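Chain and residue survey
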Amino acid sequence: ILHSDAAATYLEAAFAYAAAWALGGMNINEKNNDSRRRFNSWWKVKHKKDVEYKALDAKKGFDVFSFFPDEKGEMKMWESVVPDYKAGANANLVTQVFVPTDETLRVTRILDLISKTAYTPTGMPNRPGREQCWGVMLVGGAGTGKTAIIENYLRNETDEQTVFKTINLNFYTDAVALKDILESAITKRQGRTFGPPVPKKLIYYVDDINMQKVDTYDTQSTSELIRQHMDYGVWYDTKALDQKTIVDTQYLSSMNPKAGSFTINPRLQSHFTTVGCMMPTKDTLNGIFSQVMTSHMQDFKDEVKAMTPRLVDACIDIHSRVADKFLPSSVKFHYLFNMRELGKLFQGLCRSEKTKSTRTSMMYLFQHECMRVYHDRLLSRDDVQLFIKEVETMKGKHFVDEVRLAREEAKAEEEKAAAAAGGEEKKKDKKKGDEPVIFTTFEKAGGLYQKSDSMSKLRVVLDGKLEEYNEENATMDLVLFGMAMEHVTRICRIVEQDRGNALLVGVGGSGKQSLSRLAAKGICGYEVFQIKVTQTYRESDLKTDLQTLYKKTGEKNQQVAFLLTDAQIVDDKWLVYINDTLSSGYVPDLFAPEDLEGICGGLRSAAKAEGIPDNPTALMDFFISRVRRNLHIILCFSPVGDVMRQRCRKFPGLINCTEIDWFHPWPREALKSVSERFISTMPAFESKPALLPKVSSHMAEVHLAVENASEQYLRAEKRYFYTTPKSFLELIAFYKSLFEKSKTKLDKSIERLEKGIAVLANTGAKVAELQDDLKRTMVIVEEKKVAAAAAIKDANEKKSVVEREQAIADKEAAKASVIEQEANDFKNKCQDDLDKVQPILDAATKAVDCLEVKQIQTFKSFTNPPSGTPLVTDSVAILLGKDGKGWSPGWKSGKKLLSNPSALIEELKAFDGRVIPEDRVTKADKIISQEVFTVEIMMGKSEAAANLCGWVCNIVRFYKVYKDVAPKMKALEEAQARAKAAADQVAALNAKVAQLQAALDAAIKSKEAAEDEKAKVEADAKKCQDKLFTADRLVGGLAGEKIRWGESVKQFKAQAETMIGDVMLSAAFVSYIGAFNAEFRMKLWKHTWMKDLEKKQIPIRENLDPLRMLSNESMFAQWQNEGLAADRNSFENAAILCQCKRWPLLIDPQLQGSKWIENHYPDMKKITMNTKNWMRTVKEGVQFGYTVYLHSILENLDASLDPVVAQQIVRGRGGKGAQINLGELVDYDMNFKLVIQTKLPNPHYKPEIAAQTTLINFMVTESGLEDQLLALVVNKERPDLEEKKAALVRAINEYNIELAALEDKLLAMLNEADPNTILDNIELIDGLELTKSKSVEVNQKVSEAKEAEIQINEARNKYRAVAQEASWIYFLLMQLWTVDHMYQYSLAAFTTFFFKAIDRADKPKDPNDVKFRVAALKKTIRITIFRWVNRGTFSRHKMILVAQLLFKLMRKRSPDLKVDFNKTYFKFLLQGTKKFGEEKPPTLNWLPDASWASLCALAE
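As the structure is a prediction and not an experimental result, all values here were calculated from the model. (Residues numbered from 1 in each chain as written. Predicted model: local features only at pLDDT ≥ 70, side-chain atom pairs only at ≥ 80, totals over all residues. Heavy atoms only, no water.)

This part takes up the overall build of the chain. On a plain count of helices and strands, the chain comes out with 52 helices and 26 strands. Counting every position in the chain, which comprises 1500 residues, the buried fraction comes to 48%. Taking the intrachain contacts of the chain between residues at least 6 apart in sequence as the baseline, contacts between residues at least 24 apart amount to 75%. Split by element, the accessible area of the chain, about 75,100 Å² in all, is 52% carbon and sulfur. (Helix = DSSP H or I, 4+ residues; strand = E, 2+ residues; numbered from the N terminus. Buried < 20%, exposed > 50% of the residue type's maximum accessible area, 1.4 Å probe, protein only. Contact = heavy atoms within 4.5 Å. Areas by Shrake-Rupley, 256 points an atom, 1.4 Å probe, with all protein chains shown as cover.)

Opposite charge on two side chains permits pairing when their charged atoms draw close. If you walk through the whole model with that rule in mind, you get 58 salt bridges. Note that D572 is salt-bridged to K650, the shortest N-O span being 3.7 Å. With a gap of 78 residues between them, D572 in the loop between β16 (560-565) and α19 (575-583) and K650 in helix α22 (residues 643-650) connect regions that are remote in the sequence. As far as the burial class goes, D572 and K650 line up, both buried. For K1179, the salt bridge is made with E1224, and the minimal N-O distance between the two is 4.0 Å. Here K1179, found in helix α41 (residues 1174-1184), pairs with E1224, found in the loop between β23 (1218-1221) and β24 (1225-1227); they are 45 residues apart in sequence, far enough to count as distant. Overall, the relative accessible area of 23% leaves K1179 in the partly exposed class. Overall, the relative accessible area of 48% leaves E1224 in the partly exposed class. Sharing partners across several salt bridges, the network here consists of R372, D376, E486, R490 and D661. (Salt bridge = Lys/Arg side-chain N within 4 Å of Asp/Glu carboxyl O.)

This part takes up the environment of V702. Mapped onto the fold, V702 is located in helix α26 (residues 691-717). The exposure class of V702 is buried, given its relative accessible area of 0%. Taking the C-alpha atoms as reference points, V702 and W1085, separated by 383 residues in sequence, lie 9.1 Å from one another. Residues in contact with V702, not counting those within four places in the same chain, are L731, A1068, Y1072 and W1089.

This brings us to a negative patch on the surface. There is a patch of like negative charges on the surface, built from D463, E467, E468, E471 and E472. Within the secondary structure, E468 sits in helix α15 (residues 455-472). Using a relative accessible area of 44% as the deciding quantity, one classes E468 as partly exposed. (Patch = residues over 30% accessible without salt bridge, like charges linked within 9 Å, V, L, I, M, F, W, Y side chains within 5 Å. Lys, Arg positive; Asp, Glu negative; His and termini not counted. Charge placed at Lys NZ, Arg CZ, Asp CG, Glu CD.)

This structure, assessed with the given rule, holds 44 aromatic pairs. Each ring, one from Y374 and one from F387, has its centre 6.1 Å from the other, and the planes form 50 degrees; the classification is tilted. Note that Y374 is positioned in the loop between α12 (359-373) and α13 (381-398) and F387 in helix α13, a separation of 13 residues in sequence. Y374 sits in the buried class, given a relative accessible area of 0%. Under the relative-accessibility criterion, F387 is labelled buried at 0%. The side chain of R36 reaches across the aromatic face of F65, ending 4.6 Å from its centre. (Phe/Tyr/Trp six-rings, centres within 6.5 Å; stacked < 30°, edge-to-face > 60°. Lys NZ or Arg CZ within 6 Å of the ring centre and 35° of its normal.)

What the five strands build is an open sheet, ordered β20-β21-β25-β19-β26; its pairing is parallel. Of all strands in the sheet, those with a lone pairing partner are β20 (1165-1167) and β26 (1253-1257), marking the two edges. Taking each pair of neighbouring strands and ignoring which way they run, the sheet shows an average axis angle of 20 degrees. Relative to β26, strand β19 (residues 1143-1147) runs parallel, the two sharing five bridges. Bridge assignment links L1146 to a residue of β26, and that residue is I1256. Packing of α41 onto the sheet brings it into contact with β20 and β21 (1187-1193), and relative to β20 it is tilted by some 150 degrees. (Pairing = 2+ DSSP bridges. Axes fitted to C-alpha atoms, helices over the stretch in contact; angles between N-to-C directions.)

Okay, a positive patch on the surface next. A surface patch of like charges, here positive, comprises K1396, R1400, R1427 and R1431. Only α48 (1387-1400) and α49 (1410-1431) provide two or more residues apiece to the positive patch. Turning to its location among the elements, K1396 is positioned in helix α48.

With that out of the way, let us pick up the side chain of T308. Inspection of the secondary structure puts T308 in helix α10 (residues 308-325). In this structure T308 touches M293, T294 and M297, once residues within four positions along its chain are discounted.

Moving on, we get to the confidence of the model for the chain. Confidence along the chain averages 83 in pLDDT terms, with 88% of residues attaining 70 or more. A low-confidence stretch, residues 120-131 stays under pLDDT 50, and its non-local contacts, those more than four residues away or across chains, total 17 contacts. Confidence over residues 424-431 falls short of pLDDT 50; this stretch has two contacts with residues more than four positions distant or in other chains. (pLDDT = per-residue confidence, 0-100.)

Of all hydrophobic cores here, the largest spans 180 residues; its most connected members are I634, Y735, W1089, L1373 and F1390. Looking at this core element by element, the count peaks at twelve residues for helix α35 (residues 1039-1072). Residue contacts for I634: discarding those within four places in its chain leaves I491, V495, A502, L504, S516, A520, A561, F562, L563 and L564. Residues V304, F366, V373 and V437 belong to the second largest nonpolar core, which totals 47 residues. (Core = buried A, V, L, I, M, F, W, Y, C linked by side-chain atoms within 4.5 Å.)

Spatially, the five strands line up as an open sheet ordered β15-β16-β17-β14-β18, and their pairing is parallel. Of all the strands in the sheet, the pair left with one neighbour each is β15 (527-529) and β18 (659-662). In this sheet, neighbouring strand axes are inclined to one another by 20 degrees on average, regardless of whether the strands run parallel or antiparallel.

The next subject is unusual backbone geometry. For residues besides glycine, phi is generally negative; the peptide bonds are generally trans as well. Of note, the bond from V198 into P199 is cis; its omega dihedral lies within 30 degrees of zero at 5 degrees. Position of P199 relative to the elements: it lies in the loop between β6 (193-195) and β7 (201-207). One non-glycine residue, R499, lies in positive phi territory at about 60 degrees. Turning to its location among the elements, R499 is positioned in the loop between α16 (482-495) and β14 (502-505).

Another point: helix α39 (residues 1128-1139). Taking 1.5 Å of rise per residue, twelve residues should cover 16 Å, and α39 covers 16 Å from first to last C-alpha, within 8% of that figure. Taking burial as the measure, the twelve residues of α39 include ten buried ones, the bulk of the element. Regarding α39, the residues found buried are N1129, S1130, F1131, E1132, N1133, A1134, A1135, I1136, L1137 and Q1139. (Expected span 1.5 Å × (residues − 1).)

Attention shifts here to the pairing of strand β8 (residues 234-237). Bridging between β8 and strand β9 (residues 242-246) involves four bridges; their strand directions are antiparallel. Paired with D237 across the bridge in β9 is D242. Linking two consecutive strands that pair antiparallel, namely β8 and β9, is a turn of four residues; a positive phi of about 55 degrees is found at L241 within it.

Let us now look at the environment of G653. Within the fold, G653 resides in helix α23 (residues 653-656). On the accessibility criterion, G653 (4% relative accessible area) is buried. Between the alpha carbons of G653 and V576 there is a distance of 9.7 Å; along the sequence they are 77 residues apart. When sequence neighbours within four positions are dropped, the list of residues in contact with G653 reads N579, L582, S583 and T658.

With six of seven residues buried, β21 is to be regarded as a mostly interior element. Pairing of β21 with strand β25 (residues 1233-1238), which is carried by five bridges, proceeds in the parallel orientation. Across the sheet, residue T1187 finds its bridge partner in β25, namely K1233.

Have a look at this one:
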């Protein structure tokens, strides 16, 4: 072959091609290292004679990588064979479009050559199947097209026998996980041999091959697994401990050397051909995007279509400028501007529509997309301003005519608007041209991507969308000011695009979630999903939620916005799933194989409609493409700290696959508009509307002042505190609630005092009236006495008459009683006989009642009656007296008797059994005596006969018995008649007595009425006298209070006029001041906020102290009794804690606050984050309304606590009260309180926690510690003195508490009393006098106690120098952590050594020599503490410790140092002041210039 000239030429060209790529293909051009350019220059010079390179354009430069050998052996440029771009169905997704270029062709050629020749099936025995196994590794920065080139090659340039598996490595991928992914693409062939289905070949594409974290041994398990496979063709089953031989596979990979672990194992890299990928050149970019834009704008108007080249040039220019000027750093790590951003810029331009696009609209669209792609991710305001200037420069460079035309159009619109307003419209301060350029699809009908006409019109539309959202969802009370509207439109722009994912960056409380909900659901109509993190929420739950989202978006084709905040990411490993979803959509092991089969089955019809082949791979690709199109992930991250940077480094997809919207702090105007909107509804501003803009402006000033103070606080004290928009909203809400509360309290106080004063005034006015009433009453008393005496005499006379007549009546009544008794006795004797008669008569009556007409008719109908029955009719006829003429015994007469049944029955009922003739009875007895004549026998013959038989028998028996009883009954009637006559006589007598008694009663009543009248007027006289006395007691006893209350009312009414400013200062104090130390607190509220209130002329009390506004002496006393330190800082902390609306978070390393809290809330539940079932305790507290004390937390709170900390209370469903979602909805008791505490001396809480809680710095102050140490040293030296002091302080506190309670009780009693009857309420007056006397007594005791306190303090203060010494030493130690973080000293440990020093100090010979003892204590404490600290200090820091102690002693002018302290010298020593300009003498040439300048400064 070599002897053939053509073959030799080809082989030489092929060798040059291969050598150039093998030796120089990995080189790339970077800002600081143009290695490819240098290699290209060297190669062309070195092999100028060996290889002939002919460029298409001789004027343009070229590199050796732009050529390839054709079949003739000639070097041909790739540029000449680049195919034309053909726009596909997804041409609008520019970031996903693959446009072939010479760069992509040459890299694809390398991939193809090596992939097809890298593997042969035969091999050496120790490496079966692996004789040659080379892979290709593309290396380059983010956005250089590595992944696009490889995926395009695998999808479009490989044959049918080649299959591939894409693997995205991440920070947490390990060898086990990687092996599972690798094995998911292969099957068992035979024995221990595995591979793709025969006869296919499998290519593993490993993206971000260097991404996995480096372990302790500086290795990556994923790299080692791939290297093992490429070395030996095997890997091992770690469970079965078997070797698996993997055949017919090879690797392609890509990596970003500036991400992940930044490097790769050289042994692994040796198996790959490395090819460098660079950002395309400007010409290449122009070629790519010119094709894209030309294809998109081919149907546009000619004048718009002509802008295509300028649009492309402008986009490439602005991208180049941004990439050159805005460079990444540790803080600006996201400043990565590559092909992705440029693609997003053109993708935005491709959203233009042919019918609505004009030259000016395309220019504005270019400006808008530049702002969205680049501006929205800029970090600082300086960068923002610089970028805006760059955009204006690009407009002036590429769109001169369009800029001019836009100005003319704007001017014409302004003139048209002015003409429509009749020339009366005033020129606004803000010109329309100053408004931001915003494009939306929802403002105008048609859904086209068009420019908003104005911010005012956009606000109307957005307010309408917000109102619609609030009607269907939980209400969001948002104020859509300018910045908020911009963010809403930005989020809409992102999520309404296919594969649109957003990364919203801003401190907690910036409105990221609220605006996302409004944009995604309220405007785009998407379902918004958010995970609910609880204490039991785990990684498996996240996978379950992702499965649900994938099915909704991929299978059901629903649009869903997945909202995820950084606070919800409990474990960074969760971001593995988010990163995979963003990067490729493929999440390994998300679905089980059987679930995937079901998904594919559900997608077949939809896939068929879109022409997708019916095979698992194609269906899964279709499913994933749907997911990526419909699932919009919105990440809400905070930029504070290092968490976001670390996460983005570990998971590049968070930056690369999202569009960033950076939420900058609200500007002053936004703060003002928001505050004005919320406080405008307060009634206070209805009467004072002029104050509304002033107060809203002051609120903005307060917030911005705290932001500035936080920066100063960080520089001066190295302590972090953040303000967020949520903090500002909380300030507004607290201001409103505190104003209402304060106004109610003040109105109530005024009402109580005014009512008390009115009662006293009314009582004083009644005194003269009472005296006149008393005189008139005494005259009436005398008259009533005479009338009462006459009535008594009349009553006595009538009483004697009644008594006489009553005696006669009683005598006759006794006689009548005897007669009545005799009649009753006789009746009792006859009663037995009478009782016998009645049952017999009743039986006869019953027998007749049982007779019925029908029965008699039946009986009568007998022709031949049953035997014996005619006896019945015979006996009845005899008794009735019908046995006379013409009657004969027998049935014939019987039938005649029965001929009229009804008349017979009535006759029987009327029959009187008492007067039967004796002969009838005799005849009847003869018949009755016969055996057959019984009711029982007759019943068997005839029912009528039986009843008649019963009547006959019973009536005869009745007659016989009655005949015997009748004489007795007659005698009884006579006796009863005599008794009645006697009773009538007695009744007549009684009636007469009753008449007399009635007259007597009337006389007695008259007497009693007269006596009552007399008693009443006497009581009225006494009552009047008592009222006079009581009035004197009330008016005289409370005369002093009346004056004092009058003054208080005047003060309170004056306070009502200044309440707007007073409450504003207090609300700001509670909301913001707690995190700062005493110095910064004073600087903020007194020197900043107060001055601004005065400057804005907002009414406020003169020399107002917010502490006094929030509390009083009584509360101070109570807090002290509960263990609170008696310094102002502690009182401020307690006031903030008691008043704050957000839950307090105490920074309490010395446990000063914890001691007080435990006494202040004695029934609270104490927990830590490590307490077993601590969340259950929180739930119970929420449900049952008790206080939970969560102490000893670190810098992060459990995510499951977020709803409680943020107080996310919702209105319960079904008529229930307040509820909160803690994994499930639980009832929320409004009495619940949460107090959080940390022992960390300098915690760094993220802004979200700072916004949701009220940070309170409970660290001990130097003055507070001095008082505590003084108590300790006095208690040690003079325990009697300290005991008296403690008892006295406790007594004074109790007196103050009692005084406040007595005052309240006094006013309450006066207010509850009825002014008209107060002088009658002796109990009330006694209580008032007792309260008043007690108040005077307590006041006297307070005065005495304060005098005694002065004397005790004089004795105690002799030891104050010892406490001062120890206090400043402790605060010096507290600052040593700035030297090294390990230098942390607790107050408890310090106190231990403080006591040791006291015990070791020399004692004077004279026990009363306090001066000697104090000096000894100071020296001993100083040396003891120094030795303790010095022992634990590194050698290099010991001199710092000594120097600090020395300088402090010098500043304190300690008598132990016999030196003077000169501030100027000390400043020179610390700052090294220099004076330049003085000529140095030649003799001092050896002295450095800096030292000479220092000497000159020192000489001055």
